[in-house]
Structures are given as structure tokens and as C-alpha cells.
Amino acid sequence: MPFKPEEIPVFSVIRIPVVLLGQAVFKRFAVISHVAKHAYALKTTSRTESFDQNPERLKEVVVYEAGECPLFTKRTLIDPRNQFPISYGTLIQHHRKGSFEHFGILPADFRQRLVNVIKASKVIEPNRRQRLLVQLNGLL
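Description of the structure in this document. Predicted model only: the values in this text are computed from it and were never measured.

Some details on the overall build of the chain
Consideration 1: What the chain contains, in helices and strands, is five helices and six strands.
Consideration 2: Traced from its N-terminal end to its C-terminal end, the chain shows the element sequence β-β-β-α-α-β-β-α-β-α-α.
Consideration 3: Here the chain has a C-alpha radius of gyration of 15 Å; the compact-globule value for 140 residues is 14 Å, and the two agree.
Consideration 4: Once the C-alpha set of the chain is aligned to its principal axes, its extents read approximately 45 × 30 × 30 Å.
Consideration 5: Considering only contacts within the chain whose residues lie at least 6 apart along the sequence, 62% involve residues at least 24 apart.
Consideration 6: Summed over all atoms, the accessible surface of the chain reaches about 8100 Å², with 54% contributed by carbon and sulfur.
Consideration 7: Of the charged side chains in the chain, 21 are positive and 12 negative, and the gap between their average positions amounts to 5 Å.

Below, the structure written as C-alpha cells:
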């Protein structure tokens with residue numbers, strides 16, 4: 001069966017290589033929508049130090065403690081400001097090379113937790129906030 005990136009379920013956690021500072025590194029993303037032949041995804045991070053030092057910033061991300069979600073073995077943050085459109089072509093290419101992984105779907109409360117942090121954010125610009133909320137409501 002051919003791989004169809006448009007069929008990746010929303011709120012899936014995937015992993016693909018991305019190039020950072022000239023090096024390919026595997027990163028996990030939470031897919032939040034599909035728009036114009038792209039999967040829109042939020043990069044996850046287990047590097048939480050800068051957030052832990054600033055309680056206000058911590059209120060603006062979804063936090064999964066180690067063991068809270070079976071998709072993450074370490075404490076992981078999902079920041080709505082860290083959004084990437086990933087083209088279906090890129091996903092197909094990674095799948096063909098064997099460098100695409102699908103870990104599963106985030107818990108049922110993820111959508112509401114994400115909406116809550118987007119609405120609470122003091123740093124997301126109003127037009128970006130509106131676009132994120134529209135994406136999460138499936139209106140794009």
C-alpha cells in the first residue's frame with residue numbers, strides 16, 4: 001500500500017530528520033493539521049531547561065511529564081510557537097528512505113490542552129493565535 005501523508009492522523013507524533021547547523025538530526029513533531037499538501041506540525045522538545053527557569057513560559061506550552069504519555073520517555077514540551085509546515089513530498093521522501101516514523105496519537109486531552117496554552121499565551125501574535133485556533137478546529 002502506498003504511503004499517503006494526508007492520512008497521517010491529526011495529533012500524531014512523527015519523527016523525521018531535519019537539518020540543523022548542517023547536520024541531519026531526528027526530531028519529533030506533533031501533527032496538528034493538514035493544509036495545502038502540508039502536514040502542519042509542532043516540534044517537540046525534551047530540552048526543558050529554559051522553560052523550567054521561567055514559570056511564565058512554562059504556562060505557554062503543553063507539558064508531558066516522563067511516563068505521562070506513552071509516546072515520550074522523557075519530560076517533553078510542545079510549544080505552539082514552534083510550528084513547521086512539512087510538505088507531503090518531504091514526508092514521502094523520508095518514508096521511502098526509511099527515515100519516517102509514526103509513534104502514535106497523543107492523548108485525547110491534547111487538543112484542549114493546546115487550545116488552552118494558545119489562548120493563555122502572551123507572546124503569540126493575535127493573527128497567528130487565530131490561525132492556530134482555526135487549524136485546531138479543522139476549518140482550514
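Having seen it, we continue.
Things to note about helix H4 (residues 110-120)
Consideration 1: Inspection of H4 places Phe110, Leu114, Val115, Val117 and Ile118 among the buried residues, and these make up the whole buried set. Projected down its long axis, H4 carries its buried residues within an arc of 170°, all on one side.
Consideration 2: Residues of H4 that are buried in the fold lie against strand S2 (23-35), strand S3 (38-45), strand S4 (62-64), strand S5 (76-87) and helix H5 (126-136).

Points about the side chain of Thr45
Consideration 1: Turning to its location among the elements, Thr45 is positioned in strand S3.
Consideration 2: A distance of 3.0 Å separates a polar side-chain atom of Thr45 from the backbone nitrogen of Arg47.
Consideration 3: Contacts of Thr45, omitting those with residues within four sequence positions, involve Arg75, Thr76 and Leu77.

Notes on the sheet that holds strand S1 (residues 12-20)
Consideration 1: With respect to topology, six strands assemble into an open sheet ordered S4-S5-S3-S2-S1-S6, the strand pairing being antiparallel. In this open sheet, the two strands that pair with only one neighbour each are S4 and strand S6 (101-105). Mean inter-strand twist for the sheet, computed between neighbouring axes without regard to direction, equals 45°.
Consideration 2: Summarising the sheet, S1 and S2 pair through eight bridges and their orientation is antiparallel. Residue pairing for S2: Leu20 is matched across the bridge by Gln23.
Consideration 3: Against the sheet, H4 contacts S2, S3, S4 and S5, and its axis sits at roughly 135° relative to S4.

What counts, and at which threshold
Residues numbered from 1 in each chain as written. Predicted model: local features only at pLDDT ≥ 70, side-chain atom pairs only at ≥ 80, totals over all residues. Heavy atoms only, no water. Helix = DSSP H or I, 4+ residues; strand = E, 2+ residues; numbered from the N terminus. Rg over C-alpha atoms; globule rule 2.2 N^0.38 Å. Contact = heavy atoms within 4.5 Å. Areas by Shrake-Rupley, 256 points an atom, 1.4 Å probe, with all protein chains shown as cover. Lys, Arg positive; Asp, Glu negative; His and termini not counted. Charge placed at Lys NZ, Arg CZ, Asp CG, Glu CD. Buried < 20%, exposed > 50% of the residue type's maximum accessible area, 1.4 Å probe, protein only. Arc of directions from axis to C-beta. Polar contact = N/O pair within 3.5 Å; in protein donor to acceptor, adjacent residues only side chain to side chain. Pairing = 2+ DSSP bridges. Axes fitted to C-alpha atoms, helices over the stretch in contact; angles between N-to-C directions.

In short, geometric facts, not functional conclusions.
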